[in-house]
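# Examination of the molecular architecture
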Amino acid sequence: MTIIMEIQLWREILDPYRLAVEELVVKFNHIIEEYRNAGLYSPIEQVTGRVKKISSILDKMQKKNIAIEEIDDRISDMAGIRIMCQFVEDIEKVVEIIHNRTDMEVIKEKDYINHMKESGYRSYHMIIYYDVYTLDGTKRIQAEIQIRTLAMNFWATIEHSLQYKYKGNMPKHIKEKLLKASDAIITLDEEMGSVRDEIMDAQNIFQIKATLVSDILINIQNLFKVASKREVLKIQDEFYKVYKTENLEQLERFSKQLDIISEGYKAQSLN
Ligand code: 0O2
């Protein structure tokens, strides 16, 4: 009986956090989509979220002497969001985006990028207030957002597993290896940062091309409904020829011409 009551209690406690994590992941993914749809480079590469495991909550309660009624206030990472960026420079852009939002109120920040932890850990942490709407009304909860590069994330994931393995007693030689690896991550991020503009250009071109091809194919498909099959096949052949040239400007020109043809058919069908 008590077990069932406790399970229900945990579900009640965790439900708003689950909702917050789901909503926040959707919102950050939408930011990525907005950038890409506009043909722009997204400072966010990837987003993940999790609700803290009950066992980890229990560990923290024990470690910090926190009572169950206090966990909403005293455990700020019950809802955790992780934002991965390609480059270190992107992190400050993401921090700015979060500051400018009215649905997320920043209450605490920790800059472990410029102030690396002794372990070698690097990441930018933000604690926010976020409102979720439940049957019981609005609940203002805390969520932790960790922002880091893909390389920093690689390091932190491995180091976290080792911390778990050695439970606070990590051998000195492993600690040293991790610090060395952390240095290598700093160098890697710096090297990547120095070719950032070129990488961004390449990715933008890829995105623009992908959007153009998708627009053209949808347009051709729609033309099948209104134009003669022969004409559409001719347009399709033309598209393949232009596509093979790998020339973005030609592809853009073709897309514009196709728009004009489609508009013509639309006008005809309205008359
Ligand atoms: P888990 O298992 O990831 O949930 P504070 O009470 O604010 O003084 P706290 O809560 O430790 O101290 O805050 P901090 O330092 O901002 O750390 C919050 C989270 O950042 C940690 O959560 C980790 O996820 C991550 N983190 C911090 N330091 C390290 C580190 O040295 N290595 C790795 N891999 N991650 C780190 P938890 O609850 O400690 O752990």
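Here, every reference points to the structure presented above.
Okay, so let's go over this structure. (Residues numbered from 1 in each chain as written. Predicted model: local features only at pLDDT ≥ 70, side-chain atom pairs only at ≥ 80, totals over all residues. Heavy atoms only, no water.)

## Topic: the nonpolar core
Condition: Only buried residues count toward a nonpolar core. Its members are Ala, Val, Leu, Ile, Met, Phe, Trp, Tyr and Cys residues joined through side-chain atoms within 4.5 Å. Any residue under 20% of the maximum accessible area for its type is buried, any over 50% is exposed, and the rest in between are partly exposed; the area is computed with a 1.4 Å probe on protein chains only. Labels follow the DSSP assignment, with helices taken as runs of H or I lasting at least four residues and strands as runs of E lasting at least two, numbered in each case from the N terminus. The contact criterion used is simple: two residues touch if any of their non-hydrogen atoms lie within 4.5 Å.
Core analysis: the largest hydrophobic core is formed by 50 residues, its most contacted members being Phe28, Ile71, Ile81, Ile83, Ile98, Ile145 and Ile147. Sorting the residues of this core by element identifies helix H1 (2-37), helix H2 (54-64), strand E2 (79-85), helix H4 (88-99), strand E4 (124-134), strand E5 (137-149), helix H5 (150-166) and helix H6 (172-194) as the ones contributing at least two each. Of all the elements, H1 adds the most residues to this core, at 12 residues. Apart from residues no more than four positions distant in its own chain, isoleucine 147 is found in contact with Ile83, Cys85, Ile91, Val94, Val95, Ile98, Ile113, Ser123, Tyr124 and Met126. Counting residues in each nonpolar core, the second largest holds 14 residues, with Leu212, Leu223, Ala227 and Val242 among its members.

## Topic: the site of the ligand
Note the following rule: We call a residue near a molecule or strand whenever a single non-hydrogen atom of that residue lies within 4 Å of it. The term polar contact refers here to a pair of N or O atoms within 3.5 Å; inside protein, the definition further demands a hydrogen-donor-capable atom paired with an acceptor-capable atom, and it admits residues adjacent in sequence only when both atoms are side-chain atoms. For the area figures, the Shrake-Rupley method with a 1.4 Å probe applies, and any residue is considered shielded solely by the protein chains shown. Residues are grouped as follows: nonpolar covers Ala, Val, Leu, Ile, Met, Phe, Trp, Tyr, Cys and Pro; charged covers Asp, Glu, Lys and Arg; every other residue, Gly included, is treated as polar.
In the neighbourhood of the ligand, 18 residues make up the surrounding shell, with Lys52, Lys64, Lys110, Ser119 and Glu159 lying closest. Within the side chain of lysine 52, one N or O atom sits 2.8 Å away from an oxygen atom of the ligand. Between glutamine 163 and the ligand, the recorded distance is 3.3 Å, taken from a side-chain N or O atom to a nitrogen atom. Surface burial for the ligand is 71%, taken as the share of its 740 Å² of free accessible area covered by protein chains. Elements with a minimum of two residues in the shell around the ligand: H2, strand E3 (105-111), E5 and H5. By residue number, the principal contributor to the shell around the ligand is H5, which donates four residues. Residues of the shell around the ligand, tallied by class, amount to three nonpolar, five polar and 10 charged.

## Things to note about the side chain of arginine 122
What counts here: In this count, Lys and Arg are taken as positive residues and Asp and Glu as negative ones, while His and the chain termini are left out. Between Lys or Arg on one side and Asp or Glu on the other, a salt bridge is scored when a side-chain nitrogen of the former is within 4 Å of a carboxyl oxygen of the latter.
Structurally, arginine 122 is set in the loop between E3 and E4. As a buried residue without a salt bridge, arginine 122 has its nearest oppositely charged side chain in aspartate 189, at a separation of 4.2 Å. Setting aside residues no more than four positions away along its own chain, arginine 122 makes contact with Tyr112, Ile113, Met116, Arg148, Met152, Ile185, Ile186 and Asp189.

## Section: the packing of aromatic side chains
To keep it simple, the criterion reads: Two aromatic rings, drawn from Phe, Tyr or Trp (for Trp, its six-membered ring), form a pair once their centres lie within 6.5 Å of each other, and the interplanar angle then sorts them: stacked below 30 degrees, edge-to-face above 60, tilted otherwise.
All told, the structure shown has five aromatic pairs when counted by the stated rule. Taken together, a centroid distance of 6.4 Å and an interplanar angle of 40° make the contact between tyrosine 41 and phenylalanine 87 tilted. Here tyrosine 41, found in the loop between H1 and strand E1 (46-51), pairs with phenylalanine 87, found in the loop between E2 and H4; they are 46 residues apart in sequence, far enough to count as distant. For the pair shown, tyrosine 41 and phenylalanine 87 are each scored as buried. The interplanar angle of 40° and the centroid separation of 6.1 Å between the aromatic rings of phenylalanine 239 and phenylalanine 254 together place this pair among those described as tilted.

Purely geometric numbers; function is a separate question.
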